[in-house]
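Fold and contact review
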Amino acid sequence: MHPHAETDVHLLALSALSDNYIWLLHDDAGHALVVDPGQSEPVERALIERRLQLCAILVTHHHHDHIDGVADLRERHGATVYAPADPRIGECDIRVSDGDTVALAVPAARFQVMAVPGHTLSHIAYAGEGYLFCGDTLFSLGCGRLFEGTPAQMLASLDRLASLPATTLVCCAHEYTAANGRFAAGVDAGNAALSARLIEVARLREHGQPTVPVSLAGERATNPFLRIDQPALVAWARAQGITMDDRIARFAALRAAKDQFRG
Ligand SMILES: [Zn+2]
């Protein structure tokens, strides 16, 4: 078998806290990495059930629901922790920043580190092996709240993520898709791809299944925060009094409307 064949790694979404996902990637030999373990218990269960060895932990940002399991897992398994340079993330072995490559021997995987400020200022994403681990920056049918960054920063971050290959599987850190979809339907009502996605999302949630990962191509077709230049979103912004050529103002208005939305 070719050591870098795509069939060599397997992706799991571990449910954690109320609506978080901890992503676990493992190879056929049982070497695993996890992304943003906000709790250690779901990871420990998966490691035992599947007889996996935890080798690495990737952290996207400092929020507690993404890092609270790191210390336990690092101590018990000796996993190497990769995280952005932010003192609010105390548990870390290797600080990484924009343009760095995380190259793991086991599981054999390489990820490009991308700075994606907006939700927080030090937020990073990891892209590689066909996956995008984007934390709370990009969600299916939505994006993260702007706790620290500006609309211009977040829009630039989303633009960068949207430019990754269309087949990239978006692995976001929360199951927010149904609620995001209710907002998206109101601002991009004529979008047939969005309507189809909403039906799929409803069916998946009825069966208690994750709505992610989802392809970047699918998100580009349905996520209003990636469709800020599309006629429907331009028309929506105009109706809010936003001038046509200012895409940052359009994005800011859309994000503010989502903050106010109670669907
Ligand atoms: Zn967060």
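Residues numbered from 1 in each chain as written. Predicted model: local features only at pLDDT ≥ 70, side-chain atom pairs only at ≥ 80, totals over all residues. Heavy atoms only, no water.

Let us look at the sheet that holds strand 3 (residues 31–35). On the basis of which strands lie adjacent, the open sheet formed by six strands has the order 1-2-3-4-5-6 and mixed pairing. Looking at strand neighbours, the two that pair on one side only are strand 1 (9–16) and strand 6 (94–96), the edges of this open sheet. On average, each strand axis in the sheet is tilted by 25° relative to the strand beside it, whichever way the strands run. Alignment of strand 3 against strand 4 (residues 53–58), held across five bridges, turns out to be parallel. Opposite A32, over in strand 4, you have L54 as the bridge partner. The strands that helix 3 (residues 70–77) touches are strand 4 and strand 5 (80–84); relative to strand 4, the one it contacts most, it runs at about 140°. (Pairing = 2+ DSSP bridges. Helix = DSSP H or I, 4+ residues; strand = E, 2+ residues; numbered from the N terminus. Axes fitted to C-alpha atoms, helices over the stretch in contact; angles between N-to-C directions. Contact = heavy atoms within 4.5 Å.)

This paragraph deals with the pairing of strand 8 (residues 109–115). As defined by bridge partners, strand 7 (residues 101–104) adjoins strand 8 across four bridges and the pair is classed as antiparallel. Note that in strand 8 the partner of A103 across the bridge is R110. In this antiparallel pair of consecutive strands, strand 7 and strand 8, the connection spans four residues. In this structure, strand 8 lies alongside strand 9 (residues 124–128), joined through four bridges in antiparallel fashion. In the strand pairing of strand 9, A115 is matched with I124.

On to the sheet that holds strand 9, then. A sheet is described by the order of its strands in space; here six strands give the open sequence 7-8-9-10-13-14, paired in mixed fashion. Each edge of the open sheet is held by one strand with a lone partner, namely strand 7 and strand 14 (214–215). Taken strand by strand, helix 4 (residues 151–162) contacts strand 8, strand 9 and strand 10 (131–135), and its axis lies near 155° from that of strand 8.

Six octahedral donors around a metal ideally make angles of 90 or 180 degrees; four tetrahedral donors ideally make 109.5 degrees. Taken together, H61 (NE2), H63 (ND1), H119 (NE2) and D136 (OD) make up the protein donors of the zinc ion, found 2.2 Å from the metal. Between the four donor atoms coordinating the zinc ion, the angles at the centre fall across 89 to 166°, so the site counts as irregular. Going along the chain, you hit the donors of the zinc ion in the pattern H-x1-H-x55-H-x16-D. Of this pair, H63 sits in the loop between strand 4 and helix 2 (64–67) while H119 sits in the loop between strand 8 and strand 9; the two residues are 56 residues apart in sequence, bridging distant segments of the chain. H119 matches H63 in its accessibility class, with the two residues each being buried. (Donors = N, O, S within 2.8 Å, 3.2 Å for Na, K, Ca; no water. Tetrahedral: all angles 85-135°; square planar, octahedral: opposite > 155°, others 65-115°. Buried < 20%, exposed > 50% of the residue type's maximum accessible area, 1.4 Å probe, protein only.)

With that out of the way, let us pick up the confidence of the model for the protein chain. The predicted model of the protein chain has a mean per-residue pLDDT of 96, with 97% of residues at 70 or higher. With pLDDT under 50 throughout, residues 1–6 is counted as low confidence; its partners more than four residues away or in other chains account for six contacts. (pLDDT = per-residue confidence, 0-100.)

For the rest of this paragraph, the subject is the environment of A162. Examined against the element boundaries, A162 turns out to sit in helix 4. Of the residues examined, A162 reaches a relative accessible area of 16% and is grouped as buried. Once you skip the residues sitting within four places of it in the chain, A162 turns out to touch L216, R220 and L226.

The tendency in soluble globular proteins is for nonpolar side chains to be buried as a group. V102, F111, Y126, F133 and L161 are the most contacted members of the largest nonpolar core, which has 52 residues in total. Dropping the residues within four chain positions of it, F133 is found in contact with L11, W23, L25, V35, T60, F111, A125, Y126 and C171. L14, L47, A79 and A83 belong to the second-largest nonpolar core, a separate cluster that totals 22 residues. (Core = buried A, V, L, I, M, F, W, Y, C linked by side-chain atoms within 4.5 Å.)

Our focus in this paragraph is helix 8 (residues 231–239). Burial in helix 8 covers these residues: L233, V234, W236 and A237. Down the axis of helix 8, the smallest arc covering the buried residues is 160°, so these residues share one side. Turned more than 90 degrees away from the buried face of helix 8, the exposed residues are P231, R238 and A239. Where the residues of helix 8 are buried, they touch helix 5 (177–187) and helix 9 (247–260). At the C-terminal side of helix 8, G241 shows a positive phi close to 90°. (Arc of directions from axis to C-beta.)

What follows is about the side chain of T168. Here T168 lies in the loop between helix 4 and strand 13 (169–172). Polar contacts involving the side chain of T168 include one to the main-chain carbonyl oxygen of P165, which spans 2.7 Å. Setting aside anything within four residues of it in sequence, one finds T168 in contact with G130, Y131, L132, V214, S215 and L216. (Polar contact = N/O pair within 3.5 Å; in protein donor to acceptor, adjacent residues only side chain to side chain.)

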